[in-house]
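# Analysis of the macromolecular model
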Amino acid sequence: MLYVPCRIFFIILFVAAGNALAAETPSRKPNVLFIAVDDLNHWVGHLGRNPQTRTPNIDRLAARGVSFANAHCAAPSCNPSRAALMSGLRPSTTGVYDNGQAWQPVIGQDKTLTTQFLAAGYNVFGTGKIYHGSAHRDGEWTDYHNPRGGGLRRHPSAKNDGVGGIKFSPLANDDDAMPDYKAVDYAIGKLNAAHDKPFFLAVGLVKPHMPWSVPKKYFDMFPLERIELPPHRADDLADIPPAGRRMAKPEGDHARMLASGRWKEAVQAYLATIAFADAMIGRLIDGLDKSPHRDNTIIVLWGDHGWHLGEKEHWRKFALWEEATRSPLVWVAPGVTKAGGICKRPVDFMTIYPTLCDLCGIATPAHVEGPSIRQLLADPQAKWDRPALTTYHQNNHSIRDERWRYIRYANGDEELYDHEADPYGWKNVAAQGQFDAVKARLAKSIPQVNHEELPRNAGRAQSGKPRPRRQGAGDQNERAVP
Ligand SMILES: [Ca+2]
Ligand SMILES: [Ca+2]
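Below, the structure is looked at part by part. No experiment lies behind these values; they were computed from the predicted model shown. (Residues numbered from 1 in each chain as written. Chains lettered and ligands numbered in written order. Predicted model: local features only at pLDDT ≥ 70, side-chain atom pairs only at ≥ 80, totals over all residues.)

Before going further, it helps to examine the overall build of the protein. Regarding its fold elements, the protein presents 14 helices and 18 strands. The buried share among the 482 residues of the protein stands at 51%. (Helix = DSSP H or I, 4+ residues; strand = E, 2+ residues; numbered from the N terminus. Buried ≥ 20, exposed ≤ 12 C-beta atoms within 10 Å, placed from the backbone.)

As structure tokens, this is what we get:
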């Protein structure tokens, strides 16, 4: 039996008690629950864009803090959106404009958001898809968990796995077979653990990314006979210049979808997959609320970009219109946000990094290209004069303010939409001379530096292993599973 002298025993007891007290002290830095949702566009209940969508859990989270109703990605594609958000460096600064352009060689370890939190004494945990391909770099996390998939089976009612590259089918599995379920399990485990330091917990859900394959009960929530197509105009591309039409690619996914007659099925499948992701978010929020950390944890939830489902004859992201850039952004910051805030000021996701640093008392590194939005968290109606900027490939930019969207492509082609008068962006008024001053004002936010495109799949790809580029796939992560 181990003999411990009495005096040492009491020293051990005293130190242990001190640690326990430290864990409870309210003056400790706040924890962070950072929730990334893959390919979730603005079809979120409280944003009002699609009345059919069912997102009760995101909605109840939003009701606890501030939801940004005019929030936009830095790039409409997984890899550049996430690389920019996590590094504080815009695509135009790094040359990471699309999937397949590795961020690791051009973004130093000292630049990333998680590195700042580690250096500030946080434990930094991650699970699921934070970077594209769930790639993470050792040394920037205390622990990283990648949930395993496999064993998913199409439901017998499924016709096939979708239309061309748009993949969807109900599954015969239950929720707990899904990788996102396992990611949330890992996160709940961390929320229930005792921590001797503040924590930063990043949870990356891979749904509603394609394939839109989730347990059948989520499809059953959206009977096909009641599905409405998103508002659209068949001639919407008629007033769009050649550079925009090339992004829309109407001859691709959309032509195949029209020929298949299955557009409504695709909408149903996306709604079902959003509902599944929302249910996982509900589990996560419940996990936080039952933990000792509820009142000392900042929550930020963001979708990495939007999604078109046939609007402008376009599918997926990979474009600069409202559907492709707009995504949810919800903040709950104890002591800063008040319940029920809706902020209509335009913000992009370059604000997330500096705002987290600001709220946690961590110095924002000088390289970070974005402002803290703390003032908007405290007062969603506060004055704000910066627009949101989204970039897709070199020198194609979209600038969104509270009313207007101005798009300028690398070849000089332009679009301008008055989203107040024209919420769906059907009428391009760029050629109408009376708006020249609006265009000139918004054009001031176009970056001066537009870095060359990095080579695709240069060296090591996102996962650390070379990946072949599939012709016409558009997104390396859009695999047909199952
Ligand atoms: Ca994505
Ligand atoms: Ca149009």
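Moving on from the coordinates now.
A few words now on the sheet that holds strand β12 (residues 329-332). Judged by pairing direction, the sheet is mixed, and its 8 strands sit side by side in the order β5-β4-β8-β1-β9-β12-β2-β13 without closing on themselves. Here the strands that pair on one side only, and so sit at the sheet edges, are β5 (143-145) and β13 (341-343). Here the average twist between neighbouring strands, direction ignored, is 15°. Inspection of the sheet shows strand β2 (residues 66-68) paired to β12 by 2 bridges, in the antiparallel sense. Each bridged residue has a counterpart across the sheet, and for serine 67 the counterpart in β12 is valine 330. The sheet contacts of helix α2 (residues 56-64) involve β2, β9 (297-303) and β12, and relative to β12 the element is tilted by about 50°. The strands touched by helix α6 (residues 179-192) are β4 (123-128), β5 and β8 (199-205); relative to β8, the strand with the most contacts, the crossing angle is about 170°. (Pairing = 2+ DSSP bridges. Axes fitted to C-alpha atoms, helices over the stretch in contact; angles between N-to-C directions. Contact = placed C-beta atoms within 7 Å.)

Right, let's talk about helix α3 (residues 78-87) for a bit. The element α3 is largely enclosed, with a buried count of 10 among its 10 residues. Listed as buried for α3 are Cys78, Asn79, Pro80, Ser81, Arg82, Ala83, Ala84, Leu85, Met86 and Ser87. Looking at the buried positions of α3, the neighbouring elements they touch are α4 (91-94), α5 (113-119) and α12 (352-359). Positioned one or two residues after α3, glycine 88 has a phi angle of 80°, which is positive.

Another aspect to go through is the packing of α6 against helix α10 (residues 263-290). Where α6 meets α10, the axes come as close as 9 Å, and the angle between the chain directions of the two elements is 10°. The angle between the axes of α6 and α10 places the two elements in the roughly parallel class. Residue-level inspection shows Asp180, Tyr181, Val184, Ala187, Ile188 and Leu191 of α6 in contact with α10, the latter providing Ala277, Met280, Arg283, Leu284, Gly287 and Leu288. For the contact of α6 with α10, the per-class residue count stands at 9 nonpolar, 1 polar and 2 charged. (Parallel < 35°, antiparallel > 145°, perpendicular 65-115°, else oblique. Nonpolar A, V, L, I, M, F, W, Y, C, P; charged D, E, K, R; others polar.)

As summarised here, the arrangement of the 4 strands in space is β15-β16-β17-β18, forming an open sheet in which the pairing is antiparallel. Looking at strand neighbours, the two that pair on one side only are β15 (388-391) and β18 (414-418), the edges of this open sheet. For this sheet the average axis-to-axis angle between neighbouring strands, irrespective of direction, equals 10°. In this sheet, strand β17 (residues 404-408) lies alongside strand β16 (residues 397-400) in antiparallel orientation, the contact comprising 4 bridges. Bridge pairing in β17 links arginine 400 to arginine 405. On the sheet, helix α14 (residues 436-443) packs against β16, β17 and β18 and is oriented at approximately 70° with respect to β17.

What follows concerns unusual backbone geometry. Note the cis peptide between lysine 207 and proline 208, where omega equals 10°. Take proline 208: it is sitting in the loop between β8 and α7 (216-220). Backbone geometry at aspartate 39 places phi at a positive 65°, although glycine is not the residue there. When you line up the elements, aspartate 39 lands in the loop between β1 (31-37) and α2.

For the rest of this paragraph, the subject is the pairing of β12. Side-chain alternation along β12 places Leu329 and Trp331 on one buried face and Val330 and Val332 on a second face that is also buried. Taken together, the 4 bridges between β9 and β12 define a ladder with antiparallel strand orientation. Among the inter-strand pairings, isoleucine 299 is bridged to a residue of β12, identified as valine 332.

Looking now at the packing of α2 against α10. For the pair α2 and α10, the least separation of the axes is 7 Å and the interaxial angle reads 45°. Our classification of the angle between α2 and α10 gives oblique. Contacts between α2 and α10 involve Pro56, Asn57, Ile58 and Leu61 on the former and, on the latter, Asp278, Ala279, Ile281, Gly282 and Ile285. Residue composition of the contact of α2 with α10, grouped by class: 6 nonpolar, 2 polar and 1 charged.

This brings us to the environment of asparagine 395. Examined against the element boundaries, asparagine 395 turns out to sit in the loop between β15 and β16. Apart from the residues within four sequence positions on either side, asparagine 395 is in contact with Ala410 and Asn450.

Where burial is concerned, most of β17 is hidden: 5 out of the 5 residues are buried. Of the two faces of β17, the one carrying Trp404, Tyr406 and Arg408 and the one carrying Arg405 and Ile407 are both buried. What sits between the antiparallel neighbours β16 and β17 is a turn of 3 residues. Bridge count between β17 and β18: 5 bridges; the pairing is antiparallel. For tyrosine 406, the partnering residue across the bridge sits in β18 and is leucine 416. Taken together, β17 and the strand that follows it, β18, pair antiparallel across an intervening segment of 5 residues, in which glycine 412 is found at a positive phi of about 95°.

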